[in-house]
2 protein chains.
Amino acid sequence: MDVHEAHRVRYGRSALRVTILAHVFGTLAIILLLVWLLHFREGLDLDSDDPNRIFNVHPFLMFFGFIFLAGEAMMAYKTVGAERKVQKYIHMFVHLVAIVLGIVGLHAAFKFHEKRGISNLYSLHSWIGIGTFSLFCLQWLLGMSVFLFPGAPMETRARAAAWHVSGGRALMFMAICTALTGLMEKVGFLGQLRHSEARVINFLGLSILLFGISVDLSVSLARYI
Amino acid sequence: MDVHEAHRVRYGRSALRVTILAHVFGTLAIILLLVWLLHFREGLDLDSDDPNRIFNVHPFLMFFGFIFLAGEAMMAYKTVGAERKVQKYIHMFVHLVAIVLGIVGLHAAFKFHEKRGISNLYSLHSWIGIGTFSLFCLQWLLGMSVFLFPGAPMETRARAAAWHVSGGRALMFMAICTALTGLMEKVGFLGQLRHSEARVINFLGLSILLFGISVDLSVSLARYI
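Residues numbered from 1 in each chain as written. Chains lettered and ligands numbered in written order. Predicted model: local features only at pLDDT ≥ 70, side-chain atom pairs only at ≥ 80, totals over all residues. Heavy atoms only, no water.

Draft legend 1. Here's a closer look at the pattern of salt bridges. Overall, the coordinates contain 12 salt bridges over all chains when judged by the stated rule. When the shortest N-O distance is used, the salt bridge between Glu-197 of chain A and Arg-41 of chain A registers 2.8 Å. Placement of Glu-197 of chain A in helix H6 (residues 195–222) and of Arg-41 of chain A in the loop between helix H1 (3–40) and helix H2 (51–79) is noted, with a sequence separation of 156 residues between them. Owing to a relative accessible area of 3%, Glu-197 of chain A belongs among the buried residues under this scheme. Ionic contacts of the salt-bridge type, sharing partners, join the residues Arg-169 and Asp-216 of chain A together with Arg-169 and Asp-216 of chain B into one network. (Salt bridge = Lys/Arg side-chain N within 4 Å of Asp/Glu carboxyl O. Helix = DSSP H or I, 4+ residues; strand = E, 2+ residues; numbered from the N terminus. Buried < 20%, exposed > 50% of the residue type's maximum accessible area, 1.4 Å probe, protein only.)

Draft legend 2. Structural view of the packing of helix H5 (residues 154–190) of chain B against helix H6 (residues 195–222) of chain B. Residues and elements named next belong to chain B. At a minimum axis distance of 10 Å, the contact between H5 and H6 shows a crossing angle of 175°. One finds that H5 runs roughly antiparallel with respect to H6. Along its contact with H5, which presents Val-165, Arg-169, Met-172, Ile-176, Ala-179, Leu-180, Leu-183, Val-187 and Leu-190, the element H6 presents Glu-197, Ile-201, Leu-204, Gly-205, Ile-208, Leu-209, Phe-211, Gly-212, Val-215, Asp-216 and Val-219. Residues belonging to the contact of H5 with H6 are distributed by class as follows: 15 nonpolar, two polar and three charged. (Axes fitted to C-alpha atoms, helices over the stretch in contact; angles between N-to-C directions. Parallel < 35°, antiparallel > 145°, perpendicular 65-115°, else oblique. Contact = heavy atoms within 4.5 Å. Nonpolar A, V, L, I, M, F, W, Y, C, P; charged D, E, K, R; others polar.)

Draft legend 3. Spotlight on the interface of chain B and chain A. Listed per partner, the contact involves 45 residues of chain B and 45 residues of chain A. In this structure, the connection of chain B to chain A is made through two salt bridges. The salt bridge partner of Arg-169 of chain A is Asp-216 of chain B, with a shortest N-O separation of 2.8 Å. Run the count over chain B and chain A and you get 10 residue pairs in polar contact (both at pLDDT 80 or more). Only helix H1 (3–40), helix H4 (124–148), H5 and H6 of chain B provide two or more residues apiece to the side of chain B that touches chain A. Ranked by residues supplied to the side of chain B that touches chain A, first place goes to H5 of chain B with 19 residues. Grouping the constituent residues of the side of chain B that touches chain A by class yields 27 nonpolar, 10 polar and eight charged. (Polar contact = N/O pair within 3.5 Å; in protein donor to acceptor, adjacent residues only side chain to side chain.)

Draft legend 4. Structural detail: the UniProt feature "transmembrane region" (unreviewed entry) in chain A. Residues and elements named next belong to chain A. Following the UniProt record, the feature "transmembrane region" (unreviewed entry) maps to residues 20–40, 60–77, 89–110, 130–149, 161–183 and 203–222 here. Taken end to end, residues 60–77 has its terminal C-alpha atoms 26 Å apart, with 100% of it in helix and 0% in strand. Taken end to end, residues 89–110 comprises 100% helix and 0% strand; its first and last C-alpha atoms sit 32 Å apart. (UniProt positions renumbered as here; feature names shortened; annotations may be inferred.)

Draft legend 5. Main features of the packing of aromatic side chains. On inspection of all chains with the given rule, the structure shows 19 aromatic pairs over all chains. Their ring planes at 45° and their centres at 5.1 Å tell us that Phe-66 of chain A and Phe-133 of chain A sit as a pair that is tilted. With a gap of 67 residues between them, Phe-66 of chain A in helix H2 and Phe-133 of chain A in helix H4 (residues 124–148) connect regions that are remote in the sequence. Grouping aromatic residues by their ring pairs yields a cluster made of Phe-60, Phe-63, Phe-64, Phe-68 and Phe-211 of chain A. Of note, Lys-186 of chain B hangs over the ring of Phe-55 of chain B, and the distance from its end group to the ring centre comes to 4.0 Å. (Phe/Tyr/Trp six-rings, centres within 6.5 Å; stacked < 30°, edge-to-face > 60°. Lys NZ or Arg CZ within 6 Å of the ring centre and 35° of its normal.)

Draft legend 6. Just a nonpolar patch on the surface, in detail. Among the surface-exposed residues, Phe-93, Leu-96, Val-100 and Val-104 of chain A lie close enough to one another that they form a single nonpolar patch of about 310 Å² accessible area. Given a relative accessible area of 45%, Val-100 of chain A falls into the partly exposed group. (Patch = residues over 30% accessible without salt bridge, like charges linked within 9 Å, V, L, I, M, F, W, Y side chains within 5 Å. Areas by Shrake-Rupley, 256 points an atom, 1.4 Å probe, with all protein chains shown as cover.)

Draft legend 7. Region of the structure containing the relation of the copies chain B and chain A. Between chain B and chain A, which share one sequence, the superposing operator has a rotation angle of 180° and an axial displacement of 0.0 Å; the RMSD is 0.0 Å. Between the two chains, the operation in question is that of a two-fold axis. Looking at the rotation axis and the C-alpha trace of chain B, the residue lying nearest is Gly-188 of chain B, at 2.3 Å. In this assembly the copies share their binding face: 100% of the residues contributing to the interface of chain B also contribute to that of chain A. (Least-squares fit on C-alpha atoms with pLDDT ≥ 70 in both.)

Draft legend 8. Representation of the packing of helix H5 (residues 154–190) of chain A against H4 of chain B within the structure. Closest axis-to-axis distance for the H5 of chain A/H4 of chain B pair is 10 Å, and the angle between their directions is 140°. It follows that H5 of chain A is oblique to H4 of chain B by the angle criterion. Contacts between H5 of chain A and H4 of chain B involve Leu-180, Leu-183 and Met-184 of chain A from the first element and Leu-124, His-125 and Ile-128 of chain B from the second. Tallied by class, residues from the contact of H5 of chain A with H4 of chain B come to five nonpolar, one polar and no charged.

Draft legend 9. Highlighting the environment of Ser-123 of chain B. All names here are of chain B. Within the fold, Ser-123 resides in the loop between helix H3 (84–116) and H4. Residue Ser-123 is classed as buried on the basis of its relative accessible area, which comes to 9%. Spatially, the C-alpha atoms of Ser-123 and Thr-181 are 9.5 Å apart, while their sequence positions differ by 58 residues.

Draft legend 10. Region of the structure containing the state of the cysteines. Under the definition given, this model contains zero disulfides over all chains. Between Cys-137 of chain B, a free cysteine, and Cys-177 of chain B, which holds the nearest cysteine sulfur, the sulfur-to-sulfur gap is 18 Å. The class for Cys-137 of chain B is partly exposed, based on a relative accessible area of 23%. Cys-177 of chain B forms no disulfide, and the closest cysteine sulfur to it belongs to Cys-177 of chain A, at a distance of 3.6 Å. (Disulfide = S-S within 2.5 Å.)

Draft legend 11. Looking closely at empty space enclosed by the protein. Using the criterion set out here, one finds two cavities of 30 Å³ or more in the structure. Lining the second largest cavity, in full, are Arg-169, Phe-173 and Asp-216 of chain A together with Arg-169, Ala-170, Phe-173 and Asp-216 of chain B. Contributing elements (two or more residues each) for the lining of the second largest cavity: H5 of chain A together with H5 of chain B. Per-element tally for the lining of the second largest cavity: the top contributor is H5 of chain B, with three residues. Residues belonging to the lining of the second largest cavity are distributed by class as follows: three nonpolar, no polar and four charged. (1 Å grid on protein atoms, 1.4 Å probe; cavity = no way out; pocket = protein on both sides within 12 Å on 5 of 7 lines; lining within 4 Å. Points joined across faces, edges and corners; volume = space filled by probe spheres on them.)

The following block contains the structure:
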């Protein structure tokens, strides 16, 4: 085993350990999100007469449905003990589920705006969010056509891989920024909060950020050499 | 030249091109920030009697002084045409300047809070910001002691390099999240904005995000293979 190979093995192990951290922070974020929405807020219901209950579906599905599952899909090459081809299909399929749940989550925000007569897509949060989601769908389609269909020659795949991985990481980064700006926007709308609710929201934001960083490190450490 | 070497050269070139993008978005962000603070807001002055003028030093120094310079320091290995040792010292020194200007920028926020009788460090923005800044200083000290002083053996350096690069990228990511949550927080405090000011703030946020992504890609693309 030469030095390069030894480094690859070592950073591969570090990357695997970081996926455990990602699961800790991701699970913590889901728990805090549910505590926030169910205990401090009105709960979740897409078909409710209460616009707030409709809205609350948005943060839940955008984090648990979209960001968390996209992170799982990104880490599948480390966490799923199966041959490469199977990992690839899981990577693609979990991303597809994330996109579908993300669309329902976006629908919840638009439905809330409509019920309340608020205009759409004016805030920084919404701009970054729509940009991220559109580029994410594009990345999924490009990934399908280059890496899953047998047509693309090896040279094209090798060239596209660096951009696919770096671009995917950038999209996770953008999704986390969207989540945090969304939390800040909601806090701004809610005005004065109970001290305990403010704390829950801050720890939720931190957990989401640390989830994103862990997913990112699990990809970048393994690819370092 | 073997395949690995050819890829390294190609992605090295892509990484260099991405540094140009980083300068475009970084410069755009600085211009928009100044338009916002000087035209729409009260201007900048750390010694003013107007607390708002004191506060405005904060976003300016945290972006131009801290994030933009830290990005320049991260890209120095690509943009500075000098031998490795010189690049290393520039990388270290520009980060030091970023830290010093960042401290002045933080001081501006605390001074504003004091003048207005607002409590410190309660928001998600402040939590992420203080965390990022503290870890950034720690990273700088660790980097100094491992890579600049001649004591550390090559094996330690090689092992630390992967974490230094991945950790540095994570810190840039956290700094961008802090900037965007800060913008959202300020928008929440300001309440109803003129349409044109809201647009400037949104484009400013987008430019900051795209600066961060470009800096990140310039590091990760070059290291892909």
